[in-house]
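Structural features, examined
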Amino acid sequence: MPLIEKGEIVADLYVRVADDEPLPEGVAVLIGIDRFLNEAEALKGRQAPVGVIWPNNRPIAEIAPHLGQLSLIALNFPSFRDGRAYSQARLLRERLGWTGPLRAIGNVLRDQFLLMERSGFDQIDAVKPADAAAFDEAVQAYTVFYQPATDARPSLLRQRLGRTLAGVRS
Amino acid sequence: MYAYDEFDRAFLAERVAEFRDQVGRRLSGALSEDEFKPLRLMNGVYLQLHAYMLRIAIPYGTLNAAQLRRMAHVARVYDRGYGHFTTRQNIQFNWIKLEELPEAMASLAEVGVHGIQTSGNCIRNVTTDQWAAATPEECDDPRIWAEILRQYSTLHPEFTYLPRKFKIAITAAGHDRAAIKVHDVGLRLHRNEAGELGFEVLVGGGLGRTPFVGKSIRPFLPARELLSYIEAIMRVYNQYGRRDNIYKARIKILVHEIGAEEFSKAVEAEWAAIRDGALHLTDEAIAEIRDRFIYPSFETLENEPAALTEALKDSRFATWHRNSVQAHKVPGYSIVTISLKPVGAPPGDATADQMEVVADLAERYGFSEIRVGHEQNLCLPHVAQKDLPALWAALEAAGLATPNVNLVNDIIACPGLDYCALANARAIPVAQEIAKRFADLDRARGVGRLHINISGCINACGHHHVGHIGILGVEKNGQEFYQITLGGRADEHAQLGTLLGPAVSYEQVPGLVEDVVDTYMELRAGPHELFIDTVARLGVEPFKERVYAAH
Ligand code: HEM
Ligand code: SF4
């Protein structure tokens with residue numbers, strides 16, 4: 001499954017480790033929520049980066065106390081038709097102030113790449129290699145955006161409002 | 001009319017190109033049918049019993065003559081020469097080939113028409129009063145706000161894969177023609193005591209297998225805060241709406257399960273965090289949209305001109321006038337409803353020829369504007385009263401002057417078993433048969449205002465719960481049966497109908513409806529007591545006794 005970061009296909013530096021497997025030393029790991037919450041204290045002493053897979057049926061606000069020790073947050077699309085993680089992503093970026101990497105995992109397909117980018121994902125774990133190869137085409141399919149979202153693309157509404165999201169945030 | 005600018009046109013062209021590419025990938029196998037389905041649905045493409053169906057949005061029910069003419073063209077070239085107007089200000093074409101869909105769509109896009117978000121689990125085409133900007137009853141043109149919502153919701157990155165479809169309706173008049181109380185979100189635009197414009201916000205209304213009347217969660221939302229409040233509602237729903245069971249996924253179930261108060265609290269909390277953000281509507285932003293609506297340059301005319309009073313001496317014209325013409329806010333003008341329910345024809349169907357006639361007449365007499373209402377009729381919102389006789393003659397010649405608007409044979413019916421893969425029973429033939437029983441329009445007029453709604457299954461596309469007489473097709477041992485309800489209504493006093501008694505067979509339905517109507521004629525307090533009011537006064541019992549005794 002090719003990983004796309006900011007438009008480029010990149011090597012995945014994180015190793016996904018199941019809850020019952022030992023954590024390898026010295027490598028970045030991506031772990032499930034249960035393990036993360038159970039071992040949160042111990043993980044604070046770890047030298048290598050830790051990422052967590054936050055499930056889409058758990059309020060994202062609960063991640064707030066842990067943000068400082070995370071290097072990656074992955075949000076899950078169990079099916080591409082299940083859009084809960086879009087809201088989680090926007091809340092992470094716009095409400096909780098997460099600026100680190102935010103990865104879309106699961107049933108991640110080409111026709112949703114643009115929505116993911118607009119909701120604040122900067123890493124996309126594509127299911128199909130052909131989709132990953134068509135990434136640029138997919139996210140450039142539109143030049144017109146009606147509503148403001150998390151990304152920096154200018155929206156018609158914002159143009160009409162005569163201000164930028166950055167202007168509102170600061 | 002709302003004038004599209006270069007942005008809107010660029011967006012539409014990009015959307016068509018994207019869909020063309022998706023169809024190509026489907027045909028090559030790169031996309032599975034499972035993966036393709038939501039994509040085509042969000043472009044209005046259904047797979048039906050016989051073929052693909054294309055559903056086209058008529059945003060807030062407003063069309064111009066060129067657009068209607070293009071629909072006629074699509075009906076003729078890509079379909080079988082007709083289209084079907086639905087209860088949600090859409091038109092459907094039932095016979096289009098998948099390979100030809102992008103062509104048909106590109107042709108429609110040239111006149112700014114599309115099927116975007118007419119289906120799928122997204123925010124759907126926002127509907128409103130078909131008399132907008134014409135009725136003296138309204139406090140503002142509700143289409144301005146529908147357009148703001150249309151833009152906001154178009155390809156919304158966060159709300160394109162909601163738990164289920166999401167329908168918003170707006171009324172700006174005291175008399176609600178948009179059925180806002182049976183929508184996921186209903187917005188009642190009004191002015192508060194200080195004269196400011198704002199919305200009463202209702203959530204959780206809807207029909208289908210678990211019907212609910214919407215609950216008010218905010219009596220007054222300042223109009224310029226509309227988008228942030230809607231975003232708060234959507235965000236709560238997107239995160240907490242049920243996804244484990246498709247039948248429990250609408251917002252009405254969430255609101256019902258946690259209670260309107262809890263739901264409202266969650267919305268208010270979310271709203272507090274975003275209301276001063278990028279979605280706040282400035283006066284300039286609202287004015288920008290408002291300025292893009294082009295209004296007719298009305299002449300200074302008198303009410304009831306001589307040409308009209310003279311024509312009213314013809315009893316046929318007078319009958320149509322009494323039935324199909326309503327008061328306009330500008331002196332000397334009227335609102336004209338065009339019945340798409342000629343006795344015996346499928347409700348809401350219009351042939352390509354008829355669409356062209358209506359387009360021509362709109363150009364000649366109605367500032368090129370046509371409206372579509374949820375009753376599946378068309379409307380010319382701005383007709384000079386002096387032109388009414390000529391308009392009537394032309395409509396009459398085209399079979400479009402049946403004076404049965406709001407009468408017992410102005411029936412709302414879904415496609416039912418004739419087209420729909422989900423149907424239990426026929427709906428259109430039932431409507432046709434009932435209409436025939438009341439083909440004597442003098443009799444129908446004697447009965448007065450009476451809305452019959454028919455759905456071919458529990459999904460309630462024909463809004464049977466809110467019909468004064470509701471008819472629902474069910475299946476029993478492989479046979480078509482029908483449940484009858486009385487006393488439903490979709491207006492500002494919205495309520496769900498009450499079951500009359502055991503389901504009856506296909507053959508029994510028309511006779512039973514006649515018996516119900518006869519019972520009403522005997523029991524009503526006088527000719528001014530409408531059917532719906534008699535049912536409210538007496539309940540269904542006296543009807544039940546009479547009707548089932550007879551069968
Ligand atoms: C022919 C193909 C059609 C199919 C397969 C279809 C399917 C459905 C389904 C499955 C639902 C229920 C969804 C839910 O409650 O979550 C629904 C609702 C609805 N449909 Fe259709 N429909 C069709 C045609 C129509 C037509 C022609 C109309 C208008 C005359 C219409 C108007 C509606 C409306 C207004 C609702 C919402 C009812 C509510 O509030 O729950 N549909 N449709
Ligand atoms: S109510 Fe049922 S039969 Fe009628 S159109 Fe809807 S899904 Fe089909």
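The structure under discussion appears in the preceding block.
One structure accompanies this document, and this report is about it. All figures in this text were calculated on a predicted structure; none of them were measured in a lab. (Residues numbered from 1 in each chain as written. Chains lettered and ligands numbered in written order. Predicted model: local features only at pLDDT ≥ 70, side-chain atom pairs only at ≥ 80, totals over all residues. Heavy atoms only, no water.)

Remarks on helix H3 (residues 65-78) of chain B
All names here are of chain B.
- With 14 residues, H3 should reach 20 Å at 1.5 Å per residue; the first-to-last C-alpha distance of 20 Å fits that figure.
- For H3, the full list of buried residues reads Ala 65, Gln 67, Leu 68, Met 71, Ala 72, Val 74, Ala 75 and Tyr 78.
- Capping the start of H3 is the job of one residue whose side-chain oxygen sits 3.2 Å from the backbone nitrogen of Ala 66: Asn 64. (Helix = DSSP H or I, 4+ residues; strand = E, 2+ residues; numbered from the N terminus. Expected span 1.5 Å × (residues − 1). Buried < 20%, exposed > 50% of the residue type's maximum accessible area, 1.4 Å probe, protein only. Polar contact = N/O pair within 3.5 Å; in protein donor to acceptor, adjacent residues only side chain to side chain.)

Some words on the coordination of the iron atom of ligand 1
- For the iron atom of ligand 1, the protein supplies a single donor, Cys 461 of chain B (SG), at a distance of 2.1 Å.
- Here Cys 461 of chain B shows up in the loop between strand S17 (452-455) and strand S18 (469-476). (Donors = N, O, S within 2.8 Å, 3.2 Å for Na, K, Ca; no water.)

Here we look at the pattern of salt bridges
- A complete count under the given rule lists 64 salt bridges over all chains for this structure.
- A salt bridge links Arg 84 of chain A to Asp 82 of chain A; the nearest nitrogen and oxygen atoms lie 2.9 Å apart.
- We classify Arg 84 of chain A as buried; its relative accessible area is 15%.
- For Arg 69 of chain B, the salt bridge is made with Glu 363 of chain B, and the minimal N-O distance between the two is 2.9 Å. Taken together, the residues span a long stretch of sequence, with Arg 69 of chain B in helix H3 and Glu 363 of chain B in helix H12 (residues 352-365) at a distance of 294 residues.
- Classification of Glu 363 of chain B as partly exposed rests on a relative accessible area of 43%.
- Each of Arg 90, Glu 94 and Arg 95 of chain A together with Glu 158, Glu 231, Arg 235 and Glu 270 of chain B takes part in a single network of salt bridges with overlapping partners. (Salt bridge = Lys/Arg side-chain N within 4 Å of Asp/Glu carboxyl O.)

Quick look at the site of ligand 2
- Looking at ligand 2, the residues that line it are Cys 414, Pro 415, Gly 416, Cys 420, Leu 422, Ala 423, Gly 456, Cys 457, Asn 459, Ala 460 and Cys 461 of chain B.
- Residues that form the shell around ligand 2 fall into these classes: eight nonpolar, three polar and no charged. (Near = heavy atom within 4 Å. Nonpolar A, V, L, I, M, F, W, Y, C, P; charged D, E, K, R; others polar.)

Some points on the interface of chain A and chain B
- With 35 residues of chain A at the contact, the number on the chain B side is 52 residues.
- Counting each side, the surface lost to burial between chain A and chain B is near 3,800 Å², with a carbon and sulfur contribution of 55%.
- Summed over the shared surface of chain A and chain B, the number is seven salt bridges.
- Taken together, the connections running from chain A to chain B amount to 19 residue pairs in polar contact (both at pLDDT 80 or more).
- Elements with a minimum of two residues in the side of chain A that touches chain B: helix H3 (84-94), helix H4 (113-118), helix H7 (156-161) and helix H8 (165-169) of chain A.
- Split into classes, the residues belonging to the side of chain A that touches chain B amount to 17 nonpolar, seven polar and eleven charged. (Contact = heavy atoms within 4.5 Å. Buried area = accessible area lost by both parts, 1.4 Å probe.)

Some points on the site of ligand 1
- Close to ligand 1 lie 23 residues; Lys 165, Lys 167, Leu 207, Cys 461 and His 463 of chain B are nearest.
- A per-class count over the shell around ligand 1 returns seven nonpolar, ten polar and six charged.

Looking at the sheet that holds strand S7 (residues 168-171) of chain B
Residue and element names in this part refer to chain B.
- With respect to topology, five strands assemble into an open sheet ordered S6-S7-S8-S9-S10, the strand pairing being mixed. Looking at which strands have only one partner, the edges of the open sheet turn out to be strand S6 (127-128) and strand S10 (215-222).
- Of the strand pairs in this sheet, strand S8 (residues 185-191) and strand S9 (residues 197-203) are connected by seven bridges, and their pairing is antiparallel. Bridging from a neighbouring strand, Gly 186 pairs with Leu 202 of S9. (Pairing = 2+ DSSP bridges.)

Some details on the environment of Val 203 of chain B
- Inspection of the secondary structure assignment puts Val 203 of chain B in strand S9.
- Here Val 203 of chain B is in contact with Asp 184, Val 185, Gly 214, Lys 215, Ile 217, Ile 233, Val 255 and Phe 263 of chain B, once residues within four sequence places are set aside.

A closer look at unusual backbone geometry
Residues and elements named next belong to chain B.
- Of note in this structure, Glu 304 is not a glycine but carries a positive phi near 45°.
- Positionally, Glu 304 belongs in the loop between helix H9 (283-291) and helix H10 (306-311).
- Since its relative accessible area comes to 59%, Glu 304 is described here as exposed.
- With a phi close to 65°, Ser 368 is a non-glycine residue in the positive phi region.
- Along the chain, Ser 368 falls in the loop between H12 and strand S14 (369-372).

Description of the sheet that holds strand S12 (residues 333-338) of chain B
All names here are of chain B.
- Pairing within the open sheet is antiparallel, and its five strands lie in the order S3-S14-S15-S12-S11. On the outer flanks of this sheet lie strand S3 (62-64) and strand S11 (325-327), each paired with one strand and no other. Averaged over all adjacent pairs, the angle separating strand axes in this sheet is 35°, with direction ignored.
- In the sheet, S14 pairs with strand S15 (residues 378-384) via two bridges, with the strands oriented antiparallel. Within S15, the position partnered with Arg 371 by the bridge is Cys 379.
- Packed onto the sheet, H12 meets S12, S14 and S15 and runs at close to 20° relative to S15. (Axes fitted to C-alpha atoms, helices over the stretch in contact; angles between N-to-C directions.)

Brief notes about the packing of helix H11 (residues 315-324) of chain B against helix H13 (residues 388-397) of chain B
All names here are of chain B.
- Packing of H11 against H13 brings their axes to within 11 Å, and their N-to-C directions diverge by 95°. With respect to H13, the axis of H11 lies roughly perpendicular. Two secondary-structure elements touch here, H11 through Arg 316, Phe 317, Trp 320 and His 321 and H13 through Leu 388, Pro 389, Trp 392, Leu 395 and Glu 396.
- Counted by class, the contact of H11 with H13 contains six nonpolar, one polar and two charged residues. (Parallel < 35°, antiparallel > 145°, perpendicular 65-115°, else oblique.)

Everything listed here is a matter of coordinates, which is why it stays silent on function.
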